[in-house]
Amino acid sequence: MSSAEDRLDVIETCTRMLWHVDLRQWDALPAVLAEKVTLDYTSLFGGTPVTRTADRVIADWAAGLGHLKATQHMIGNQIAEVDGDTAVLTAHFQATHLLPNPYGSETWTLGGRYRFDLARAASGWRISGVLMTALWADGNQQIMTVSDGQKETT
């Protein structure tokens, strides 16, 4: 049986990851990520899950999201299950991405479910896996790949 404190710590760790991403606090992310992280975005991009070092994950997120004017990742209906030194958090999410541009809507919103796998470390819970299951989307997904030359200059 897990303690309420463990479950709250697991929820806090996952919330902090998304908070740091949205605020572009890339230097804060190592405090919530394990040394190796398995990422599974196959429901959106196809392919297969990948395992990367935390530094590579952070660099990839900075490159993939850093060009956007803003992002907001909201999670809710969180269920944290702790079993000794491992935990799983499942949650619904909605992620809005913003990039003013001359080629359509300035937002792309994605909704679905996250599954975070966590391991207890000496310094607290660390995320070792992220499975994102996309269930719906609205808006202009092309803003994720608009090049610098295509961005609106205002």
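Keep in mind that what you see is a predicted model, and the values were worked out from it rather than measured. What you see as residue numbers is a count from 1 along each chain, following the sequence as written. Side-chain atom pairs in this predicted model are given and counted only at pLDDT of 80 or more, local residue features only at pLDDT of at least 70, and totals for whole chains, interfaces and linings cover all residues. Side-chain metrics in this entry use all non-hydrogen atoms of the structure; hydrogen atoms and water are not considered.

Caption draft 1: How the structure looks around the nonpolar core. Put simply, a nonpolar core is a bunch of buried Ala, Val, Leu, Ile, Met, Phe, Trp, Tyr and Cys residues held in one set by side-chain atoms that sit within 4.5 Å of each other. Burial status follows relative accessibility: with a 1.4 Å probe on protein chains alone, a residue under 20% of its type maximum counts as buried, one over 50% as exposed, and anything between as partly exposed. Judged by nonpolar contacts, the single largest core of 36 residues is most densely connected at M17, L29, L33, W61, F116 and L118. A helix here means a DSSP run of H or I that spans at least four residues, while a strand means a run of E at least two residues long, and both kinds are numbered starting from the N terminus. For this core, the elements supplying multiple residues, two or more each, are α1 (4-22), β1 (33-40), α3 (54-65), β3 (70-83), β4 (86-98), β5 (107-121) and β6 (124-139). Residue contacts for L118: discarding those within four places in its chain leaves V10, T13, C14, D85, T86, A87, L89, W125, R126, I127 and S128. Here a residue-residue contact requires only that any non-hydrogen atoms of the pair lie within 4.5 Å.

Caption draft 2: Broad picture of the packing of aromatic side chains. Pairing of aromatic rings covers Phe, Tyr and Trp, the last counted by its six-membered ring, and requires centre-to-centre distances within 6.5 Å; plane angles under 30 degrees mean stacked, over 60 mean edge-to-face, and any other angle means tilted. Counted by the stated rule, this structure contains two aromatic pairs. Between F93 and Y114 the ring centres are 4.6 Å apart and the planes differ by 35°, which places this aromatic pair in the tilted class. Of this pair, F93 sits in strand β4 while Y114 is found in strand β5, placing the two residues 21 residues apart along the sequence. One aromatic cluster is present, built from ring pairs that chain together F93, Y114 and F116.

Caption draft 3: A look at α3. Taking 1.5 Å of rise per residue, the 12 residues of α3 would be expected to cover 16 Å, and the 16 Å separating its terminal C-alpha atoms lies within 8% of that figure. Residues of α3 that are buried: A54, V57, I58, W61 and L65. For α3, the arc enclosing every buried residue in end-on projection is 95°, short of the 170-degree limit, so these residues lie on one face. Opposite the buried face of α3, by more than 90 degrees, sit the exposed residues D55 and A63. Residues of α3 that are buried sit in contact with α1, β1, β2 (50-53), β3 and β4. Helices are assigned an expected span. That span is 1.5 Å times one less than the residue count. The arc under discussion is defined with respect to the helix axis, by the directions toward the C-beta atoms.

Caption draft 4: A look at the sheet that holds β1. Across the sheet, which stays open at both edges, the six strands sit in the order β2-β1-β6-β5-β4-β3 with mixed pairing between neighbours. The outermost strands of the open sheet, each flanked by one partner alone, are β2 and β3. Neighbouring strand axes in the sheet, compared pairwise and without regard to direction, differ in orientation by 20° on average. Angles here are taken between N-to-C directions and fall from 0 to 180 degrees, while the axes themselves are lines fitted to C-alpha atoms, restricted in helices to the stretch in contact. On the sheet, α1 packs against β1, β3, β4, β5 and β6 and is oriented at approximately 160° with respect to β3. Packed onto the sheet, α3 meets β1, β2, β3 and β4 and runs at close to 55° relative to β1. In short, DSSP must find at least two bridges between two strands for them to pair.

Caption draft 5: Representation of the environment of I127. Turning to its location among the elements, I127 is positioned in strand β6. With 40 residues separating them along the chain, I127 and A87 place their C-alpha atoms 9.2 Å apart. In this structure, I127 is in contact with T13, C14, M17, V32, L33, A34, V37, F116, D117 and L118, ignoring residues within four places of it in sequence.

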